[in-house]
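Working through the structure, step by step
Spelled out, the chains give:
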Amino acid sequence: MFTAEQFQAAQKANIDSLFGLGSKAFEGFRKLVDLNMTASEAALAEAASTAQSVLSVKDMQELFALQASQVQPLAEKSASYLRFVYEIASTTGAEFGKTFEGQMGDAQKKFLAVVDNAAKNAPAGSETLVAVLKSGVAAGNNALESVQKAVKQAAEVAEANFNAVASTAVNAAKTTTTKAKRAA
């Protein structure tokens, strides 16, 4: 039922898929490294600027005002950084998901072709067994689709929660900065 050429083609497709996933993983990793390098360079430049500002402070009130002025931008930068990390991770994850969905679709089609071929060559009276096998495959497909939908919904909820937390953090920093400026 499964020829050497078909087996070889399937193995080649699996290896191509594996290397494709490896490339996608490295691409995601490279994006994270680039993001961290950019963030580190910006943090170093800001630290130097802040150090100069602290050295030029003349009294405690000015120091408190300087400190308060740093809270909101820091919260916004942190939220932005986390959004970029989340975007990179979700994009890479989505690419993995597409690849796996494609692989599963191909595997299901091939398996159904084997089942159909077996059904054609099956002895008389085995129709019930073939029907049960096809029913099992259909149930497995339905279960897989349900899991995929649940994972997508969970990812959407997680993204909404992440955005809400980031927004809350930035708003809290704005409130803290406003209160600190009033107190100063």
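Look a little higher up for the structure.
Here the structure is a predicted model, which means the values were calculated and not measured.

What follows covers the packing of aromatic side chains. If you walk through the whole model with that rule in mind, you get 1 aromatic pair. With a centroid separation of 6.4 Å and 50° between ring planes, the pair formed by F96 and F100 is classed as tilted. Taken as a pair, F96 and F100 lie in helix α2 (residues 60–121) at a separation of 4 residues, close to a single helical turn. Assessed through its relative accessible area of 22%, F96 is described here as partly exposed. Since its relative accessible area comes to 45%, F100 is described here as partly exposed.

With that out of the way, let us pick up the side chain of S17. Turning to its location among the elements, S17 is positioned in helix α1 (residues 4–55). With relative accessibility at 15%, the residue S17 sits in the buried group. Leaving out residues up to four positions away in the same chain, S17 has contacts with T99 and Q103.

Now for α1. In this model, α1 (52 residues) spans 76 Å end to end at C-alpha, consistent with the 76 Å of a helix rising 1.5 Å per residue. Of the residues making up α1, those classed as buried are A10, S17, L21, G28 and L35. As for α1, its buried residues are in contact with α2.

Parameters at a glance
- Residues numbered from 1 in each chain as written.
- Predicted model: local features only at pLDDT ≥ 70, side-chain atom pairs only at ≥ 80, totals over all residues.
- Heavy atoms only, no water.
- Phe/Tyr/Trp six-rings, centres within 6.5 Å; stacked < 30°, edge-to-face > 60°.
- Helix = DSSP H or I, 4+ residues; strand = E, 2+ residues; numbered from the N terminus.
- Buried < 20%, exposed > 50% of the residue type's maximum accessible area, 1.4 Å probe, protein only.
- Contact = heavy atoms within 4.5 Å.
- Expected span 1.5 Å × (residues − 1).

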